Structure formats: structure tokens, C-alpha cells
Amino acid sequence: MKVTLLGTGDTTGTPTPGCECDTCERARELGVERSRNSVHVTNETTGESLLIDASPDFRYQFLTQEVPLPDAMVISHIHFDHLDGLGNAYRLFDDLPVHAASEVDPATDESVADTVRDKYDYLDRITVHDQAPFETFEACGFDVTLVPVDHPPLHCYGLVVEGEGAKLSLTGDTSYDVPDRSREALADPDLLLADAIVPASLCENHPIGGRHLDSTGVPRTFGTKHMTREGALDLAAELDAERTRLVHLAHFYPSEEAFRDPLAVDGERYEL
């Protein structure tokens, strides 16, 4: 299993357009980027590749990273930075299977699969496949499982991808309050990709602060929707991840911390 991190940033990415903060300037100096979220997974046995989330930066990512176009795709939730790149399927594919959750979301009165189907009804080259949470399905020779996480007000899913003797777990966009059953499914990965939008120290800047405090009072959730760096690392320890990379990172990380391990940048590659 070969994993390429195509996009490791949040909704604005790093550098953020028009931003001259120290972190964005440091990214420019280092020549690194964090474009919007997307992960490419290649099955080296079958030669197929799976794309997890359709970043708005899809075109740029596939022009700059040496990876093949995907044979199938999974969409974790319907926020634009994870979905809106799907329009790039126009003219690029003969038939692209797109997998998404079948569970109806009370906030939208439809499932993620239904939203994808409705929003991209003009794309006759994609076929949406409804998948039930916790029910493993096959994609590109991998066993893939969608697991519910906590990203209010919308339903959102983490993923488990298994094959070739390896296990990749992705938290998806989530607070630290990941359900126990989902934690069990995500546990013991060779590589964990965990949402860690900002360090806990920045929770004081959120209108509602931080939540899910650890025993010393450090917030593990920034507001309601995303883990802090500290929360993501606590979750990684609880899941007994062999290796962890933090993703969905904002440019609000102080510049002296923003590019230290285990914070990921675009283009990282892992052989599992």
C-alpha cells in the first residue's frame, strides 16, 4: 500500500491567498504547501488507486504530484474542501465509482451519497455507490470501511483502508469525541492521518473556546468540529497507531511550530 498526502490543509490552505502572516511567509520560504484535503492510496498488487476526498485543488494536485488518476473515490462528507473537486471528473474518466455513506443526515435530510448524486447529476461519468457505515466494501482491491465521527452539524466519516497486509486509518474531520465503536475500527493502524486544525493554545481565540479537556485542562477539541494537535496526539496514542501524521492543518499554527513533526505537508509518501 502506497499512501500519498495530496492535500494536508484546511479550507484556506497554507499559504493562504493574500495572507502575509509569519506562517504563510515561512511556507513560501520553505517551498511547501498544504492544499485542501485529499489522500491517494495505491494498491501495488493490482495497480489501482483510491482517492479519499475530492479536493478543490484536484487539478493542481494531480499536475504536481507523481500519482495516477484514481480508479475509485470515497467522499467523507459534504463540506466543499472535501467534495468540490469532484467536478474535475468531467472529461477525465470513462466511469469513476464514487463511494459515500448511505446514512441519512437530519441536518440535510439526505445522505452524503445522495448529496453527491444530486450535486453532480450532470456528471454522467461518475457512479455513486451507497455504503452503510461499519459495513466493509471493496474498492481498488482494498477493504474500506466508513466509520462515523463527530463533526457537527453534519454527518462525517473517518475511514479504514486495509490491504496488502497493511492498515491505514483516517479520522476525517472530527472533534475528539469519536464514538467508541469507531475508535475500535480505527485502532492499531500502521499509519493514522488525524485531523489537528490548530494547537490547543489557540482555543482561547475560538468563540466557544475548547472542549474535551485532558486531565491537566488542555483542550482536545477546538470549538466543536476539529481536534487540536494535542487531542489528535492523544487519540493516536489511544488507537496505538504505529505512525501518525497530522493533517487538515490551518495557517494559524505559529510559524516556529507549523512545520515540525508530526505535522504533515503536501507530497509526503508512505509505503505500508
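Note: the structure precedes this text.
Residues numbered from 1 in each chain as written. Predicted model: local features only at pLDDT ≥ 70, side-chain atom pairs only at ≥ 80, totals over all residues. Heavy atoms only, no water.

(A) Region of interest: the nonpolar core. Membership of the largest hydrophobic core comes to 49 residues, with the highest contact counts inside it found for Val3, Met73, Ile75, Leu86, Ile126 and Leu168. Take this core: its biggest share by element is four residues, from strand β5 (residues 96-101). Excluding residues that lie within four positions of it along the chain, Ile75 makes contacts with Asp53, Ala54, His82, Leu83, Val98, His99, Ala100, Val112 and Val116. Among the nonpolar cores identified, the runner-up in size contains 22 residues, and Val147, Cys156, Ala187 and Leu246 belong to it. (Core = buried A, V, L, I, M, F, W, Y, C linked by side-chain atoms within 4.5 Å. Buried < 20%, exposed > 50% of the residue type's maximum accessible area, 1.4 Å probe, protein only. Helix = DSSP H or I, 4+ residues; strand = E, 2+ residues; numbered from the N terminus. Contact = heavy atoms within 4.5 Å.)

(B) Structural view of the sheet that holds strand β6 (residues 126-131). The strand order across the open sheet built from seven strands is β6-β5-β4-β3-β2-β1-β16, with neighbouring strands paired in mixed fashion. Each of the sheet's edge strands pairs with one partner strand only, and the pair in question is β6 and β16 (269-271). Sheet twist, expressed as the average angle between the axes of neighbouring strands with direction ignored, equals 20°. As judged from the five bridges shared by strand β1 (residues 2-7) and strand β2 (residues 38-42), these two strands associate in the antiparallel manner. For Leu5, the partnering residue across the bridge sits in β2 and is Val39. (Pairing = 2+ DSSP bridges. Axes fitted to C-alpha atoms, helices over the stretch in contact; angles between N-to-C directions.)

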